[in-house]
Every structure is written in C-alpha cells, then in structure tokens.
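In case you want the letters, here they are:
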Amino acid sequence: MDQYIAWFLLLAPLAASVTILLRLYSPNGAIFASVGSASLCFLIALGIAWGGIVAPTPWMWISLPGSNESPGLEIEIGMIFDALSKGMLLIVTGVGLLVHIFSIGYMAQDPGRARFFGGLSIFMFSMTGIVVSTNLIEMFFFWEGVGLSSYLLIGFWFTKESAAAAANKAFVCNRLADFGFMIGILTYWILMGTVSVKPIDLSNSYHQNAVSLPRVVSILTPEEIAAHTGTAISVRHIGGVNLTSPLLLTIMVLGLFGGCVGKSAMFPFHVWLPDAMEGPTPVSALIHAATMVAAGVYMLCRVYPLLLLSTFGLEFIACIGCFTAIFAALIAVQQNDIKRILAYSTLSQLGYMVMAVGCGGPDAAMFHLTTHAFFKALLFLAAGSVIHALHEEQDIWKMGGLDKKIPLTYWTFLLGMLALIGCPPFSGFFSKDYILADAHAFHPAFYWVGVATAFLTAFYMTRLVVVAFLGSARSKAAEHPHESPLVMTIPLIILAVLSVGSGLWGFWSSDSGMKNFYHNWAINLFSDTDPIPNNGHFITVPEINTGIELGIPFAAVFFGALLSYYLYLDRTTDPLHIRLLARKFYVDELYQRRLVRGQQLLAGLLNWIDAWILDGLILRGGAYISVGFGEVFRLFQTGSLQTYAFIFTLGGVLLIYFTLFAH
Amino acid sequence: MEITLNHYLAVAATLFVIGLMGVMMRRNLIIIYMSLEMMLQAANLTLVAFSRFNGHLDGQVFVFFVITVAAAEVAVGLALIVALFRLRQTTQVDNLTTLKF
Amino acid sequence: MYALFFWFFSTAMIVCGLAVILNRNPVASAICFAFTIFYMSALFVMLQAYFLAAIQILVTAGAVLVLFLFIIMLLDLATVEKIPRQRIQMICSLALALGFIYLVARTLNESPGGFTAVKTLSAPTQAVDFPSKDAEQIAADKHDDTHEIGKLLFTTYVAPFEVTSLLILVATIGVIVMCKQEPKRLSTREEITREAPPIVPEKETTFTR
C-alpha cells in the first residue's frame, strides 16, 4: 500500500486539471480542486522527504530488447527519490502551493480563473514529473508538458495580442531547444545503452578511455572520483567498437545542455522569458521564476557525472551561463516595467546557476536554485501585490511612496530584494558566494564576471526599490493604493521567512567550517533512507579562501546599492539613458530581421519551388510532355494514301535489310 | 550468255519497283490501282521462275490462285472506287484526306 | 537465242511498265499495261509455263484490264493531271525504290555462286523435271503442264480451289451490293407536297462538228 501513495503525487494534479478541463466545476469549485491537489502534492512530498514514502514500482511502457549492434530500449514510468529529487520536490510543491493560495486572491475577479487553475494543475503535474523522472524519455515527456502549460498560462489573456504572441514565442523557443535536447537524449542512449538516469556504475572501463577532466577535478584520479561521488558511470562497448569518442561525448553534453538552454532561457534563447511576463503574475512567480526555468538546471544536476566526460562541454556550459548572467544584468539596469526587471534578474540568476554547474559545483547550483526559488517567488508575488494595489500599473516611474501605504508588501519585497542581492545574513548571500567560490576555483575570469554581475544586480534592484517604493507618489494610482487581502499576504510572509532563513539553516546545522557546510547542506536536510546508493555527494571542491573571496562580492554589492540609492532617490525620470541596454541589446530586432525574415524568405522560396517547380515543371510539365508527344504523333496521321504506302514500304525494306544483312 | 534464275528475279524485281513507284507517285486512284496490279504480276513472275528452278509445279498452282484472287480483288476495289467517286466526285488522291488529323 | 528472246521480252516489259506509270492519260496507261502483260506471258512461255501464260492473257489482260477501262470510261477520267507533284514526294519514292533495288541486288549477289548461279534455266529443250517417273511412263502420259497443274489442283490443292471459288462468288455479290444505286424514294407526304418540277424549254440543239 505504501508504494501506491507516491503515484498520487502525479495523479492528483492530473485529475484536477482534467476535471477542470471537462468543466465539471463552477469557477470556485475549480479553485478548490486545484488548490486541494496542490496541498495533497505538498503533503506527499513531505512524506517522501521525511515520512518514508518509497518509490513505487515503475510501470514498463516500452521494452525493446537489444542486440549486438544496437542497445535495447526500456522506457518506464517510474519515480526516483534521492536527495536531489527530494529537495527539488519540496521546493516545487511548497512554492507551488503558496502560489496557488496567492492566486486565489489575485485571480478572484477574473472570469477565466477556472482555466487558470486548470493550467496551474497541469503545470504541477508536469513539473513534479520532471523532478521524479527515472529516465530521460519520461523527463522529456514532462518537459514538453511544462512547455505546454507555460504556453497556456502565458497566453491566458489570449485576446490580448501581445500575450498570444508571447506565448507563441515561448513555445517556439522551447521547442527549438528541445530539438537539441532530443539529440542529447539519443546520444546518451547510444553511449549508455539505456535512457535511465538512475545512478549507474563507474566501472573500471572508465579510465581506459582517457578523457581529460576539467580543471576542478583534475586533482582527483578516476578512482577518487568514484570513491567520492559514489556515482558510477559505465561506458558501453558495442561490438568491440569503443563508442566513447570525444566528439560523441561532447555532442551528448551539448545536446542535453540544449534542453537547459531552452527551458532555463540561456543566452541565444533567452528572448522568451521577458515576454512571458504577459501572463498573470502568479504564473510569472511559479513558472518563470521558481520552478520551470529551474528545471533545466535540475536536469543538468541530474546527469552531472556525465557532463564531466566532455571538457569542452563543461567549459561551454560555464561560459554560456556566465555570459547570460552579465548580459541580463546589464539589460535590467534600464528596464522600467517592474516585472521585466524581475524577469531579467531571473535570467541573470539562472546564468549563475548554470555557470555553477559548468564550474564543477552542482551542489552550489542546487543550493542557489533553492534560495532563488524562495526569494524570486517572493519578489514576484510581492510585485503582483503592488500591481494589484495600484490597479494594474506596472511602470515603476508611475509608482512611488508606497512604503508607508502598503507596508506589508514593502517589507516583504525588501527582504526578498536583500536576499537576491546577496546581502548577509540572508540566504542569497550564502548561495551566491558559494557559486563565486566555485567559479574562482575553476577560472578567475568567471569569478570577476560574477562579481561584476553582483554589482549590477545590487544596482538595479536598489533602483527598483527606491523608485517604486520610496520617495513620493508619481501618479494618481500611487497615491491611493490598497493593501492586499490576507490570502495574498500570508504566502508573502511565509516566503519571506524562507528567504531569510534557508541559508542560515544550513549554516547552523552543519559541522564547523564553511567547507563542510556547503556540501553537507543537502545531507542534513534529508534522511538517507533511500536504498539507491547515492547519498547526495557531489564533486569535491578544493579549499576556498574565505577571507578575500567573501569580502570582494560583499563590497561590490554594498557599493552597487549605495550608488543606486544616491542616484535614484527622489527622481521623477531616469537619469541614465543607455539606449543599448534599454533596447535589450537589440537581440529581438536581430532575431526579427535575421531569423524571422530568413524563415519567411525560406517559406517564400519553398512556396516558389512548390508553385513553379513542383507544380509547373513536374506536374504540368509532365502533362505537357504527354501532350507534346501526342502532338508529334498526331503528325503521323497525314490522311494521304501515298504517305502511308511510303512508310509501309520503308518499314518493309528496313525490316528485310536488318534481317538479312545487318547483325 | 547464260540466263540464270537470278536474271528472271532481277527482272521481276524491277517490275515490282516500277509498280511501287507508280503507287507512290501517281495521284489518280485508277493508275495507283493499276500499278498495284503490276506489283502483283511481278510476284507472279518470280513465282513461276522459282517453280521452274525447283522443278515442280507448286509454284505455278500458286500463280493460278494469285491470278484468280487478283481478279476478284480488282473487281471489288474498282467497285469501291466507283462508290467513292459517287460520294466525292473525285478520284484524285489529294482530295481524299478525311483521315487527316 | 534464248538469251536474245529473254532480253527482248524483259526490256519490252520494263519499258511498257514505265509507260504505265509515266503516262498522263489513264487510257494510255491501261493499254500499256496490257502490253506489259503480253510480254510477261512471253516470259512465262520461256519458262515453260504455257498454261499460265494463256491464263495470264485471258484473265489479266482480258478481264482485269477491260474492267479498268470500263471504270475509266464510266467515271470519265480522261482528264489530264495538271498539278505538278511535290518534289519531296518524288525524291523520297525514288530513294525508296533505289533502296529496294539495292536490297534485291545484294541478295542476288550473295546467293550461292553469285549473280550468275550454277543452275541455269536456259536450255529450251530441257524437259520439265517431274519427280520419279521413268522414260516410258513419261512418254505414255500426256505430259504437258496443263494436265499436271490440273492434277495438282484437284488432288493436293483442292481445298484452296474450292475456297477460291467461294471467294469469287463473294466478290461478285459484294461488287453488286456496293455499286447498287437505289433511287431516292420520296415518302408519301413529300410526294404530295412537293413542288412541281420547273418547266425547262427545250434547248435548240445545234449540230456542230
């Protein structure tokens, strides 16, 4: 009986969404169903983490036997509960539940709220599916599920043209990147012989392949890796051919990273995330801040030991993450919509996480993912509260003076902002500095870029708070805001507590010393009763110099905040006018010009080919050739007796000639 | 000189070719038909020459039948030409091109 | 002697044949055709096919040709062709004729022994070789080719003989059917309602030479 409980983790939100889709409820009934399923999920997640609910027997969906030439294929629907998935599950269900509760108040007036909660339930189903997937194909299935629910929820107000366009953009970007993901999955399958991501054995064949490891772990020999990580990687030999060519490994790593690029909005594919702010604010909080965009990072951490097999891949991941971080931070400096600023800050923090994975610190990435989930959700929900209070006003230059008028929202927002910046003792400080330490160990350039990004983060977040909340009101709506109802403020408070405390929890509960704290963080949170021999160890990080390396980021943060405070206090318009940043580095325009027009050119070309070559040349051409032959043969019918006689005799003569003389 | 079988055959072939030229060149239907008859007679000559060459009379019997059938055929053919003339009022083959495309 | 006769008759026949196709007047063509048949019969005689020579003159020159002349005169085709023939037509037919001649010449050339073959037919006194008969038998029977052809016709080839007679019957009936002209019969209504035929005054017939 025990093992069937876990299926409700997936079935409850699925049932809720299907029944809402079938319109079995009144709008309020739909809310009840959806929130109920979310709380059930959360309770089950608590049970999984500490209550001893075990993973159910997987259900084998497709099972194809392998042979000497090709690997077999076994796709099952099952669940895996190790430290990584337990942590992520708690975050997903917990933040999800809080957002559900917040949405009760936020969407209370909207006539389409049943559809909204249906979308949220589909999202919960898909996201928990990603977290507990045992194999990559199952994960891909749920991956597309979150893409679908993101599309439905971004385009929730579909009558608005910008919302519909943004939904399309998100889906297309995701789909494009998922193509790379699929290639990665297939290469993974070829190399590993299975699509399962349950930890696999590092056999002795590993060091036969002599693949160089990234610098971070170069001090460890393969045996030490095996001993420390507890994970094992088996590399398959098929038919005597060694498949571990560096090219294939790199393709696998880059392919898997492709999925992350789309879902977590890394540099070339980041354009959908700011536009996704067209959706309602709870959607932005849940999907585009806390959970869905983190799915990419989660996936990378899930397959992390494999990423080590390709040096180029790992470095590439780190570079992309780093670049995205600073790129987004620069753009955010000049944005004026409160949700856009938060969206770009999400992009920036995702860049941090991906950079952490690339630098050899998946535990740092997961840590930051957790803290980021808390404070970013908090920031978005608080922003939603502000927007709600000001009657749908989103431009920060039309706000102001709200700190006295809606104090609860203000203080929770401030706490979230401090956590985001990385101000000690809030949680963001711990997670961000862990990442910077990893980056420094990998390569100092990443560290300095990270520091610069921290400076910019402090700058624009302080700008946001100062302009939106402090000073005097700049518009009519800002003069008379109303505080949000309790159903909306309770989640804010809970999230604020979590943002503040989640860093300290790890600190107090570990042995002395920062080093042990960092990578025992996961262990201490969950019990180790899972039978799968992965007790949450990740790659060992070398010693860090806690003095200088903690001080520099803190100084950057401090000066950034100070500079911004003095620059923006009591202003009515923005003193900085950097067009390049305000126009988001013209990336959207570039895509429009090159890609969209290129695609339209291609479509036009194909249309031309279809009309002229396929239709004209081949179809009608073929017809005309037949007609032409007919016209030619028609000339044979002269109607003249003597011509007929001539041809007849000519034929006879030729026949006799060729029979008798020519052979 | 010795007159051999080949001489007779050559003469018959020449007559045949003359008939062929008549068929292809003349425009009057009657003349064409007459040339056709001449081709038949050339074949008769060939047959008789071969019959004499082989020493038995089967070739001559064949010629007997050919002459008979040729006569019948001429009768029917001329009847056709008369009917055609009644319809078209012409026997010039240039005017009888209804089967032209 | 034999050769002389042969060359004379064959040349005459060829010349008359050319005359047949080159004459503009159809009646003249027909007469030349008759002469061609005469000379061909002479050649038959030289080949000792006496019966056939007679038959040829009787049937072809006597019946077929006369039929031709009847039709020419019936249809009044004595008019001369005025329109010149197309040059391409003449060239093509000439080429074809020459091609045919080339074929025949080459065949004859490549026959065993070349054009002047071993087996000759030139001895006029050479009797016809009838199979398996001794000298007395040969003398006893009447050995002209007419009898022999008759024998063959009624023994070995009796079936084609009967069929040919049927064929001639069919041809006769066919000719009659095809050439019959039925006068146009008016229906009763048309008979009653037709207009009176116009009254044509009799023309003064003047007799001129």
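Residues numbered from 1 in each chain as written. Chains lettered and ligands numbered in written order. Predicted model: local features only at pLDDT ≥ 70, side-chain atom pairs only at ≥ 80, totals over all residues.

Of regular secondary structure, chain C possesses eight helices and zero strands. The order of α-helices and β-strands along chain C, N terminus first, is α-α-α-α-α-α-α-α. The buried share among the 209 residues of chain C stands at 21%. (Helix = DSSP H or I, 4+ residues; strand = E, 2+ residues; numbered from the N terminus. Buried ≥ 20, exposed ≤ 12 C-beta atoms within 10 Å, placed from the backbone.)

A:V297, A:M355 and A:A377 are the most contacted members of the largest nonpolar core, which has 202 residues in total. Beyond its immediate chain neighbours, meaning those up to four positions away, A:V297 contacts A:C260, A:S264, A:L350, A:M353, A:V354, A:V357, A:A365 and A:L369. Counting 69 residues, the second largest nonpolar core, distinct from the first, contains B:L9, B:Y33, C:F6 and C:L47. (Core = buried A, V, L, I, M, F, W, Y, C linked by C-beta atoms within 7 Å. Contact = placed C-beta atoms within 7 Å.)

Moving on to the pairing of strand 1 (residues 59-64) of chain A. Residue and element names in this part refer to chain A. Counting buried residues in strand 1 gives zero out of six residues, a small share hidden from the surface. Where strand 1 and strand 2 (residues 73-77) come together, five bridges link them in antiparallel fashion. Its bridge partner lying in strand 2, I62 is registered against I75. (Pairing = 2+ DSSP bridges.)

This paragraph deals with the environment of A:I20. Note that A:I20 resides in helix 2 (residues 7-21). Residues A:I20 and A:F117, 97 residues apart in the sequence, show an inter-C-alpha distance of 8.0 Å.

Attention now moves to the interface of chain B and chain C. Contacts between chain B and chain C engage 59 residues on the former and 70 residues on the latter. Among the secondary structure elements, those contributing two or more residues to the side of chain B that touches chain C are helix 1 (5-25), helix 2 (29-54) and helix 3 (58-88) of chain B. The element best represented in the side of chain B that touches chain C is helix 3 of chain B, accounting for 20 residues. In terms of residue class, the side of chain B that touches chain C is made up of 41 nonpolar, 13 polar and five charged. (Nonpolar A, V, L, I, M, F, W, Y, C, P; charged D, E, K, R; others polar.)

Listed as interface residues are nine residues of chain C and, on the opposing side, nine residues of chain A. The residue makeup of the side of chain C that touches chain A, split by class, is four nonpolar, four polar and one charged.

Each pair of packed helices gets described by two things: the angle between the helix axes and the distance between those axes. Residues and elements named next belong to chain A. Where helix 18 (residues 407-421) meets helix 20 (residues 444-469), the axes come as close as 9 Å, and the angle between the chain directions of the two elements is 170°. Comparing their axes, helix 20 and helix 18 come out roughly antiparallel. Residues Y410, F413, L414, M417, L420 and I421 of helix 18 form the contact with helix 20, whose own contacting residues are T457, A458, M461, V465 and F469. Counted by class, the contact of helix 18 with helix 20 contains 10 nonpolar, one polar and no charged residues. (Axes fitted to C-alpha atoms, helices over the stretch in contact; angles between N-to-C directions. Parallel < 35°, antiparallel > 145°, perpendicular 65-115°, else oblique.)

Okay, the confidence of the model for chain A next. Detailed reading of the predicted coordinates is not advisable wherever pLDDT is low. Mean pLDDT over chain A stands at 79; residues scoring 70 or higher make up 83%. Confidence over residues 200-243 of chain A falls short of pLDDT 50; this stretch has 77 contacts with residues more than four positions distant or in other chains. (pLDDT = per-residue confidence, 0-100.)

Before going further, it helps to examine helix 18 of chain A. Residues and elements named next belong to chain A. Between the first and last C-alpha of helix 18 there are 21 Å, a value that for 15 residues agrees with the 21 Å anticipated at 1.5 Å per step. Burial runs high along helix 18: 11 of the 15 residues are buried. Every buried residue belonging to helix 18 is among T409, Y410, T412, F413, L415, G416, M417, L418, A419, L420 and I421, and all of these are buried. Just downstream of helix 18, G422 is the residue with a positive phi angle, here 105°. (Expected span 1.5 Å × (residues − 1).)

So, about the confidence of the model for chain C. Residues and elements named next belong to chain C. Taken over all residues, the pLDDT of chain C has a mean of 81, while the share at 70 or more is 78%. Note that pLDDT drops below 50 for residues 120-128; the model gives that stretch 14 contacts with residues more than four away or on any other chain. Taken together, the chains of this predicted complex give a pTM of 0.64 and an interface ipTM of 0.92.

Attention shifts here to the environment of A:T453. All names here are of chain A. When you line up the elements, T453 lands in helix 20. Between the alpha carbons of T453 and A556 there is a distance of 9.1 Å; along the sequence they are 103 residues apart. Not counting residues within four places of it along the chain, the set of residues in contact with T453 comprises A325, I326, A329 and S348.

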